[in-house]
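Structural overview
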Amino acid sequence: MSIGVFLLEEKKKTVNKLRILGLTHSLCEDASSELQRVISVEGRHVSESQTSSFTGRGAIARLSRFVISVRSWATRHLHHEDQRPDSFLERIRGPELIEVSSRQSNIRSFLGIRERPGGVNSDWPLARFNVNYSNNTNEDKKEEKKEVKEEKKEEKKEEKKEEKKEEKKDDKKDDKKKEEKKKEIFVIDPSSNIYYNWLTIIAAPVFYNWCMLVCRACFDELQVDHIKLWLFLDYVSDIIYILDMFVRFRTGFLEQGLLVQDEKKLREHYTETMQFKLDVLSLLPTDLAYLKLGLNYPELRFNRLLRISRLFEFFDRTETRTNYPNMFRIGNLVLYILIIIHWNACIYFAISKLIGFGTDSWVYPNVSIPEYGRLSRKYIYSLYWSTLTLTTIGETPPPVKDEEYLFVVIDFLVGVLIFATIVGNVGSMISNMNASRAEFQAKVDSIKQYMHFRKVTKDLEARVIKWFDYLWTNKKTVDEKEVLKNLPDKLKAEIAINVHLDTLKKVRIFQDCEAGLLIELVLKLKPTVFSPGDYICKKGDIGREMYIIKEGKLAVVADDGITQFVVLSDGSYFGEISILNIKGSKSGNRRTANIRSIGYSDLFCLSKDDLMEALTEYPEAKKALEEKGRQILMKDNLIDEEAAKAGADPKDLEEKVERLETALDTLQTRFARLLAEYTSSQQKVKQRLARVETRVKKYGSGTLSVGEAEAEKPEEEKNQ
């Protein structure tokens, strides 16, 4: 029975292992019952197998099983695998026991060991696994505790590593977001003031290089005497050129109406242009040749002239921003001419130096003469010669050598082009500057001719001419509709709001109106100017307009035109009641006072038709305006309440009937058009059906062959 005692001890060990693995108490009870069953079986057969179990082949088999169990135990504890209990057997026996048994069976199959049906190999695998470990229970417990602790430590380490990885990922995401925000910040809008200011900065070194490089290359004294200054200015301009490339990489462009702020797209957009190649060429360090040739060769830096597009861009932006574009164009043209003359003068001096000073009458005189040896005389003489040649004035010494003749011919051709350009541009600029004056004068002349032809009185003719003079001197000859006709409706509305909305809000009846109605009315205001003594309206006239005073003074006068009752000044208004057609008004739509202009007066006029057209889209606002007008008339006791309570005005009904008739006419025309289209399409369908019937009768119900179908096509085209 020593084996039974051994197995009981192994049962305790197994239960402890199962507790460590976290199995439940019910699972331990099932395992103990299984062990007791195995012990009873072993007790019956102990006497039979006692003699053969410790000697011979039994000992070798047990030793091999021990080695296999040790190997499986070691692999089980070295390689922890979290397996999910998929079946009912795994939930009862536990995943590790199945793992041990499966590994044992695999090893046995590998070694060629067969299980006997009634032997030890057919018993519970946990008992076989723990047969030879009865003397090491305490050591195993300690080892298992250590292993559990180590596992917990490893799990904690792994959790910490995962947390660190997640933190790093979050940090990377935050960094990416920050980088994206930074990228968006550094994009420059080409229409912004920052970009224009940068163009002003970059235009300075470009202009410096175009003016001074050729001059320094031709006049040696200029280069040698101020070498430190030139080196400083050259490398400052190079730094600005480099910064300009960074600005170009950050300059946005419009894509589908939106400013692109993606760094990759901006870089690709710039690098694909021809300007990028020119910018790179302009920054090539060609002045490194100074180390070999010396500092007296500024022509090595001529590649810096390739950045001239920035200067042209600056001029274009300035022309669109300035309030005096014609003057700027003239100044810009003069600047181009001076630069051409400057370059031509430097080239003339360089050719003279190449041929030899004083060798003939055409070249620059001998510099050994003190009068012609000064730097200022050299440049001014060359500039004078260049100006005479390019302006085709002549009076210069004739050329002697062939190369001199060739240079003079080229100069004359360039001079002719310059002269034609100057005359054409200056003439067009002057005509543009006087275009408005010429147009206005043409109107005045036509009216003068008309008054002379109709024999208008001198007094009235003088008043008309004074009125025109007032318009011209006060710059009120501009027709707003004609000027703003090329703008979209939104921009027109914004300009009108900016100019007229405050004036319109001063009218009492419009103070609480919707913003949309005010915008509609603002677009319909028409500026008018009245001369001194002009009547704006007379008592009893039909009121078709209301007026708002912008500038000037008006007087409410008696019938004699002299006695003044009230003086109206800036911001006053009148005539608003007469254009509303309020029911029950005692005066109807007639004027109730005489209003006369004291001096020149600027007024805004809003016609009745324009007001009613705007109110058709705002019926609630129309009711509110009529109610306000009714209250004003009630205060002044100018309304007949019985007439106001009566039915609708027959004039309004007539207008509505007329509108319905016009709408009905348009509907009838549309219906007739649709009916004609329908009849034509119906006829085409009938013709096609007739053709199909004839084909079916001719060829039967079967499909047409290819040749027959092709033969029928021309017939269809002829019929169509």
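Small disclaimer: the values here were computed from a predicted structure and weren't measured.

Quick notes on the rules
- Residues numbered from 1 in each chain as written.
- Predicted model: local features only at pLDDT ≥ 70, side-chain atom pairs only at ≥ 80, totals over all residues.
- Heavy atoms only, no water.
- Helix = DSSP H or I, 4+ residues; strand = E, 2+ residues; numbered from the N terminus.
- Buried < 20%, exposed > 50% of the residue type's maximum accessible area, 1.4 Å probe, protein only.
- Areas by Shrake-Rupley, 256 points an atom, 1.4 Å probe, with all protein chains shown as cover.
- Pairing = 2+ DSSP bridges.
- Axes fitted to C-alpha atoms, helices over the stretch in contact; angles between N-to-C directions.
- Salt bridge = Lys/Arg side-chain N within 4 Å of Asp/Glu carboxyl O.
- Expected span 1.5 Å × (residues − 1).
- Contact = heavy atoms within 4.5 Å.
- pLDDT = per-residue confidence, 0-100.
- Core = buried A, V, L, I, M, F, W, Y, C linked by side-chain atoms within 4.5 Å.
- Phe/Tyr/Trp six-rings, centres within 6.5 Å; stacked < 30°, edge-to-face > 60°.
- Parallel < 35°, antiparallel > 145°, perpendicular 65-115°, else oblique.
- Nonpolar A, V, L, I, M, F, W, Y, C, P; charged D, E, K, R; others polar.

**Digging into the overall build of the protein**
Along the backbone of the protein there are 29 helices and 10 strands. Within the span of the protein, comprising 720 residues, buried residues form 31% of the whole. Carbon and sulfur atoms provide 58% of the accessible area of the protein, an area that totals close to 47400 Å².

**Some details on the sheet that holds strand β6 (residues 554-557)**
Each strand in a sheet pairs with another by means of backbone hydrogen bonds, the pair being arranged parallel or else antiparallel. The strand order β4-β9-β6-β7 describes an open sheet built from 4 strands, whose pairing is antiparallel. One side of each edge strand has no neighbouring strand; the edge strands of this open sheet are β4 (535-537) and β7 (564-568). Each neighbouring strand pair of the sheet contributes to a mean axis angle of 30 degrees, computed without reference to strand direction. As defined by bridge partners, β6 adjoins β7 across 4 bridges and the pair is classed as antiparallel. Across the sheet, residue A555 finds its bridge partner in β7, namely V567.

**A look at the pattern of salt bridges**
Taken as a whole, this structure holds 25 salt bridges when the rule is applied. Across the pair R248 and D279 runs a salt bridge, and its minimum N-O distance is 3.1 Å. Of this pair, R248 sits in helix α11 (residues 227-249) while D279 is found in helix α13 (residues 274-282), placing the two residues 31 residues apart along the sequence. Comparing R248 with D279, the two get one shared label, buried. One continuous salt-bridge network, built from bridges that share partners, spans D244, R248, D279, R307, R310, E313 and R317.

**Focus on helix α21 (residues 458-473)**
Side chains that are three or four residues apart share a direction in an α-helix, a result of its 3.6 residues per turn. Compared with the 22 Å implied by 1.5 Å per residue over 16 residues, the 22 Å span of α21 between its first and last C-alpha is a close match. Considering only its buried residues, α21 is in contact with α20 (435-453), β3 (526-530) and β10 (601-607).

**Regarding the confidence of the model for the protein**
For the protein, the average pLDDT comes to 77, and 72% of its residues sit at 70 or higher. For the stretch residues 1-5, pLDDT sits under 50, and the model shows 4 contacts to residues farther than four places along the chain or on other chains. Scored below 50 in pLDDT, residues 20-57 makes 33 contacts in the model with residues more than four places away or belonging to other chains.

**Quick look at the environment of L518**
With respect to the secondary-structure elements, L518 resides in helix α24 (residues 515-524). A relative accessible area of 6% means that L518 is categorised as buried. Between the alpha carbons of L518 and A614 there is a distance of 9.2 Å; along the sequence they are 96 residues apart. With near-sequence residues (within four places) excluded, L518 lies in contact with L501, L504, K505, F510 and C513.

**Here we look at unusual backbone geometry**
We note that K455 has phi near 55 degrees; this positive angle belongs to a residue other than glycine. On the secondary structure map, K455 appears in the loop between α20 and α21. Judged by relative accessible area, which is 73%, K455 ranks as exposed. Look at K475: it is not a glycine, yet its phi comes out positive at around 55 degrees. Take K475: it is sitting in the loop between α21 and α22 (480-484). By relative accessible area, K475 is classed as exposed at 72%.

**So, the nonpolar core**
Note on soluble globular proteins: their nonpolar side chains tend to be buried together. Within the largest apolar cluster, 31 residues are counted, with the highest numbers of intra-cluster contacts made by L504, F510, L517, L521 and L611. Among the secondary structure elements, those contributing two or more residues to this core are α23 (489-505), α24, β5 (545-551), β10, α25 (608-615) and α26 (619-635). Excluding residues within four positions of it along the chain, L517 makes contact with A614, L615, Y618 and A621. If you look at the next biggest cluster of nonpolar residues, it comprises 21 residues, including L213, F219, I339 and W343.

**Details of the sheet that holds β5**
Strand order across the open sheet formed by 4 strands is β3-β10-β5-β8, with antiparallel pairing between neighbours. Here the strands that pair on one side only, and so sit at the sheet edges, are β3 and β8 (573-574). In the sheet, β5 pairs with β8 via 2 bridges, with the strands oriented antiparallel. Looking at β8, one finds that Y547 is bridged to F574.

**Section: the environment of I639**
By secondary structure assignment, the location of I639 is in the loop between α26 and α27 (641-645). Classification of I639 as buried rests on a relative accessible area of 9%. Along the primary structure I639 and I582 are separated by 57 residues, whereas in three dimensions their C-alpha atoms are 8.9 Å apart.

**As for the packing of aromatic side chains**
Using the criterion set out here, one finds 29 aromatic pairs in the structure. Pairing W210 with W343 gives two aromatic rings, centres 5.4 Å apart and planes at 45 degrees, and the pair type is tilted. With W210 in helix α9 (residues 193-218) and W343 in helix α16 (residues 325-355), this pair connects stretches of sequence that are 133 residues apart. Taking 5.2 Å as the distance between ring centres and 80 degrees as the angle between the ring planes, the aromatic pair formed by Y348 and W362 counts as edge-to-face. Of this pair, Y348 sits in helix α16 while W362 sits in the loop between α16 and α17 (370-373), and the two are 14 residues apart along the sequence. Across the pair, exposure class does not vary: Y348 and W362 are buried alike.

**Quick look at the packing of α16 against helix α19 (residues 402-433)**
At their nearest, the axes of α16 and α19 sit 10 Å apart, and the two run at 170 degrees to each other. Put simply, α16 runs roughly antiparallel to α19. For the contact of α16 with α19, the per-class residue count stands at 16 nonpolar, 5 polar and 4 charged.

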